[in-house]
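Residue-level structural notes
Each chain, written out:
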Amino acid sequence: MSSTDLPPYFRINPDQALADLDDPVTTTGFASIAGAARAGRDDLAGRGLAEDGQRHLRLFSTWEITRYLIPVAQAHFRRVLKQNPDLPQGQSETTGGAKWFTLDEVLRLRAFFGREGSKAKEYVPYRPKGLPAKMVAVANFKGGVGKTSTAAHLAMSAALDGYRVLVIDLDSQASMTSVFGGRVDDEWQTVFPLLARHYAKHLQLDNQRRLDRGDAPQPLDDTLTEALGITAQSLVQKTHWPNIDLIGAQLNLYWAEFQVPVWRMQGRGWKLWDALTDTLDADGILDDYDVIFIDTPPALGYLTINGLAAADILLVPVGASFLEFDSTGRFFDMLHTTFQSIEEGENLAARALGREEMAFQWDAVRAVVTRFDGSQQTEMAGLMQAYLGKTLSPHRQDFTALIGQAGEQVQGIYEADYRDFNRETYARGRETFDATYAAFKSLLLGAWRRDELAQAKAAE
Ligand SMILES: Nc1ncnc2c1ncn2[C@@H]1O[C@H](COP(=O)(O)OP(=O)(O)OP(=O)(O)O)[C@@H](O)[C@H]1O
Ligand SMILES: [Mg+2]
């Protein structure tokens with residue numbers, strides 16, 4: 001073997017390597033790297049390579065509306081529009097061509113059919129009156145398993161189905177925020193102030209007790225004082241979907257992972273896991289929406305714990321591979337340890353004081369197979385099904401080229417214009433996410449119905 005055939009990692013001369021090496025990097029080194037990236041970014045943006053941030057939702061055709069959204073025959077749909085000139089009539093690209101509608105118009109049409117149409121048909125989705133929105137967390141500490149894709153597609157499906165949807169991004173990577181075109185300058189436009197407000201309220205109560213005992217109160221710093229004046233509604237942004245709102249995330253949200261444990265150290269009795277649930281509830285957010293989707297980071301940190309504690313339904317995306325199955329098992333192990341230790345800590349005090357003990361409870365917990373490749377993963381998925389039983393949702397979300405293929409501006413198959421794809425590819429891609437939604441909707445309706453019956457029983 002001649003020396004030229006050697007792999008590249010042999011014969012590296014240490015002196016030459018040293019000569020090639022820069023000085024050690026200090027903290028300010030990061031600032032100059034960030035500065036270089038910023039300059040590059042601004043340059044690229046100046047050349048029109050950045051998204052303008054303004055996302056626009058495409059239009060929906062009569063075919064798509066009657067096929068997927070409002071279950072009526074096309075001819076009947078056209079007739080109803082003709083008889084009711086006040087209803088949105090759609091626009092066409094050519095005279096006599098197919099009619100296209102905005103989602104806003106579709107929602108108005110759906111409301112009309114719901115009011116005037118056959119009561120036997122399901123124009124408006126089931127939503128028991130007087131009950132709060134259901135919160136759904138999508139979580140797994142393994143990265144890249146499809147959390148954001150699943151949450152985003154479910155949010156869009158639910159919106160197309162006619163629900164009022166709120167999406168909360170707890171991941172400082174902010175993928176979900178960019179799916180919905182959110183603009184977030186810093187942590188003050190994320191859930192961070194809600195957590196701070198919850199702690200500040202705890203501190204205020206605690207201070208009252210201190211004063212009663214004759215102890216000195218703990219001062220509220222600027223952050224906590226400012227947070228006291230912030231409501232969840234003020235954090236909500238509109239998106240390009242008329243019935244999807246967003247509480248976004250941004251890199252600074254990660255700060256919460258450092259700040260929350262400091263607060264918890266100072267205020268031992270603070271129930272940090274209830275921060276999101278309590279503040280959303282107190283602000284009436286649960287009455288403003290039907291379904292709230294919470295996207296979480298690939299970690300079991302304080303933000304994820306808040307999201308999980310707030311959730312009624314927990315979905316855990318997992319690929320049908322040994323590694324993902326294995327790590328998902330450990331994720332459930334960690335969930336058990338984490339929530340059990342919270343319960344034990346709380347109940348120790350509760351027992352001592354003769355108060356009622358607490359226990360976390362979820363309406364439903366489901367693992368969902370994502371990015372499924374039937375030609376390679378059928379056996380693995382079958383094994384997972386055998387071991388997990390009902391916990392694994394029977395529908396497997398297929399790997400679809402639509403997600404990767406959909407151009408720069410389009411993030412989900414529901415946003416893609418079907419004319420850009422081969423009909424077959426489109427129909428199959430859409431089918432798999434429609435089925436994911438159907439499986440989820442069945443959990444949602446079941447959970448609401450259970451609450452509704454319990455409410456009726458309690459009123460007897
Ligand atoms: N059904 C699917 N078909 C094809 N590609 C998919 C599908 N679902 C997700 N992907 C792709 O897999 C990648 C990871 O998905 P996603 O970002 O949803 O995962 P995640 O769990 O949110 O990741 P992270 O842990 O970084 O937050 C993305 O590139 C996404 O486009
Ligand atoms: Mg994600």
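Quantities reported herein were computed from a predicted structural model and do not represent experimental measurements. (Residues numbered from 1 in each chain as written. Chains lettered and ligands numbered in written order. Predicted model: local features only at pLDDT ≥ 70, side-chain atom pairs only at ≥ 80, totals over all residues. Heavy atoms only, no water.)

Within this structure, the stated rule accounts for 24 aromatic pairs. Centroid distance tryptophan 100 to tyrosine 418: 6.1 Å. Interplanar angle 20 degrees. Geometry classified as stacked. Placement of the pair is tryptophan 100 in strand β3 (residues 99–101) and tyrosine 418 in the loop between α16 (401–405) and α17 (423–459), with a sequence separation of 318 residues. Accessibility expressed as a relative area gives 6% for tryptophan 100, which makes it buried. Judged by centre distance (4.8 Å) and plane angle (70 degrees), the ring pair of phenylalanine 339 and phenylalanine 360 falls under edge-to-face. With phenylalanine 339 in helix α14 (residues 322–353) and phenylalanine 360 in the loop between α14 and β10 (364–370), this pair connects stretches of sequence that are 21 residues apart. (Phe/Tyr/Trp six-rings, centres within 6.5 Å; stacked < 30°, edge-to-face > 60°. Helix = DSSP H or I, 4+ residues; strand = E, 2+ residues; numbered from the N terminus. Buried < 20%, exposed > 50% of the residue type's maximum accessible area, 1.4 Å probe, protein only.)

Let us now look at helix α5 (residues 103–116). When the terminal C-alpha atoms of α5 are compared, their 20 Å separation across 14 residues agrees well with the 20 Å that a helix rising 1.5 Å per residue should span. Burial in α5 covers these residues: Leu103, Glu105, Val106, Leu107, Leu109, Arg110, Phe112 and Phe113. On its buried face, α5 is in contact with β1 (60–61), α3 (62–69), α4 (74–83), β3 and α6 (147–160). (Expected span 1.5 Å × (residues − 1). Contact = heavy atoms within 4.5 Å.)

In this section: the sheet that holds strand β5 (residues 165–169). Strand order across the open sheet formed by seven strands is β6-β7-β5-β8-β4-β9-β10, with mixed pairing between neighbours. Unpaired on one side and paired on the other, β6 (237–238) and β10 mark the two borders of the sheet. Examined bridge by bridge, strand β4 (residues 134–138) and strand β8 (residues 291–295) share five bridges and lie parallel to one another. In the sheet register, alanine 137 faces β8, and the bridge partner there is isoleucine 294. (Pairing = 2+ DSSP bridges.)

Another aspect to go through is the site of ligand 1. In the vicinity of ligand 1, 17 residues are found, and the nearest of them are Gly144, Lys147, Thr148, Ser149 and Thr400. Here glycine 144 contributes a backbone N or O atom positioned 2.9 Å from an oxygen atom of ligand 1. The contact in question runs from an oxygen atom of ligand 1 to an N or O atom on the backbone of valine 145, over 3.0 Å. For ligand 1, whose unbound accessible area comes to 630 Å², protein coverage reaches 75%. Looking at the shell around ligand 1 element by element, the count peaks at three residues for α6. Broken down by class, the residue content of the shell around ligand 1 amounts to five nonpolar, eight polar and four charged. (Near = heavy atom within 4 Å. Polar contact = N/O pair within 3.5 Å; in protein donor to acceptor, adjacent residues only side chain to side chain. Areas by Shrake-Rupley, 256 points an atom, 1.4 Å probe, with all protein chains shown as cover. Nonpolar A, V, L, I, M, F, W, Y, C, P; charged D, E, K, R; others polar.)

To continue, consider the sheet that holds β1. Strand pairing in a sheet is mediated by backbone hydrogen bonds. Such pairs are either parallel or antiparallel. In space, the three strands of this open sheet follow the order β1-β3-β2, with antiparallel pairing throughout. Edge positions in the sheet fall to β1 and β2 (91–92), since each has one partner strand and no second. Pairing between β1 and β3: two bridges, direction antiparallel. Counted as the bridge partner of phenylalanine 60 is phenylalanine 101 from β3.

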